[in-house]
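The primary structure of each chain is shown beneath.
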Amino acid sequence: ASDVYKRQVLAHHQRAWDILKKRNAHIIAVSHSTKKDIVQLLGFNPSLIHVIHEALPMETLQTSAAMTEQIYDRIKAKLELNRPYILAVGTREPRKNLERLITAWQPFAKDIDLLIAGEKGWDTTETQAIKFPTQLRFMGKVSDQELHVLYEEAEMLAYPSLDEGFGLPILEAFHHGTPVLTSNRSAMPEVAGNASLLVNPESVESIRSGITELLNESQAQQKKRLQQMILRLQAFSWRQVAIQSRKVYQSALQDA
């Protein structure tokens with residue numbers, strides 16, 4: 001997303017930002033990328049902005065724990081997951097970069113589908129389905145159980161977003177052992193670490209090359225990537241979020 005777009009979004013809350021700045025309020029940012037935006041676009045004091053990363057949603061863990069083989073098979077049949085596919089997750093809007101992803105995926109369409117799970121936002125990608133009536137599927141909003149199955153069955157998560165405050169789908173994919181292709185900018189590298197394949201989101205060729213690389217990994221490479229995903233996921237915990245947040249509140253009270 002461009003700075004112009006970000007400024008437009010922030011302008012809706014300008015009065016609140018002005019009050020917070022006047023009070024020298026402490027702010028929790030979910031990534032260093034978000035902190036950078038707050039400093040550059042709003043002019044906040046960097047020392048008052050504390051980066052505390054999010055963690056895997058508890059709903060994801062609860063859904064996995066409650067999943068049975070019977071429910072899994074029923075959902076898989078309902079969603080007609082009969083062919084290999086690449087999964088994209090998120091509300092469909094321009095910053096999700098789906099236009100470039102679809103273009104990058106097209107040479108693979110004969111052998112692998114592209115499934116996009118998420119509510120319709122304000123992009124025009126759905127018109128592309130006319131060219132690929134069976135291979136390109138817009139799933140719309142899906143349930144937690146359906147998302148669980150979609151992650152489990154996917155060849156990879158493709159998440160070449162142009163801008164994210166954090167990027168929870170990356171952690172969700174790690175939880176399911178699903179390889180991740182994501183962007184080399186914004187908050188994505190912070191979350192992905194060395195466990196994902198990073199690409200230039202503004203380059204269709206870079207995205208396409210990344211898809212090719214993940215699809216052609218050897219078993220040894222897949223095993224190594226899975227180990228990296230497990231380790232990376234362990235770096236994010238709600239316990240740490242609570243501990244770090246408490247420290248921020250204590251600092252704010254001392255400054256009050």
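Provided above is the structure to which this section pertains.
Rules used in this analysis
Residues numbered from 1 in each chain as written. Predicted model: local features only at pLDDT ≥ 70, side-chain atom pairs only at ≥ 80, totals over all residues. Heavy atoms only, no water. Buried < 20%, exposed > 50% of the residue type's maximum accessible area, 1.4 Å probe, protein only. Helix = DSSP H or I, 4+ residues; strand = E, 2+ residues; numbered from the N terminus. Arc of directions from axis to C-beta. Salt bridge = Lys/Arg side-chain N within 4 Å of Asp/Glu carboxyl O. Pairing = 2+ DSSP bridges. Right-handed = clockwise from strand over helix to strand, strands pointing away.

This brings us to helix α3 (residues 32–42). All buried positions along α3 are accounted for by Ser 33, Thr 34, Asp 37, Ile 38, Leu 41 and Leu 42. The arc enclosing the buried residues of α3, seen along the axis, measures out at 140 degrees, which places them on a common side.

With that settled, the discussion passes to the pattern of salt bridges. In the structure shown here, the tally under the stated rule is nine salt bridges. Its salt-bridge partner being Lys 96, residue Glu 164 comes within 2.7 Å of it at the nearest N-O pair. Of this pair, Glu 164 sits in the loop between β6 (156–159) and α8 (168–175) while Lys 96 sits in the loop between β3 (85–89) and α6 (98–105), and the two are 68 residues apart along the sequence. As far as the burial class goes, Glu 164 and Lys 96 line up, both buried. With a shortest N-O distance of 3.8 Å, Glu 205 and Arg 208 are connected by a salt bridge. Pair noted here: Glu 205 and Arg 208 are both in helix α10 (residues 204–215), with a separation of three residues, about one helical turn. One continuous salt-bridge network, built from bridges that share partners, spans Glu 93, Arg 95, Lys 96 and Glu 164.

Further remarks concern the pairing of strand β7 (residues 180–183). Relative to β7, β6 is paired through three bridges, and the arrangement is parallel. Within β7, the residue paired with Tyr 159 across the bridge is Thr 182. Once you follow β6 into α8 and on to β7, the crossover reads as right-handed. Note that β7 and strand β8 (residues 197–199) share three bridges and pair parallel. Along β8, the bridge assignment pairs Thr 182 with Leu 198.

In short, shape yes, function no, at least from these values alone.
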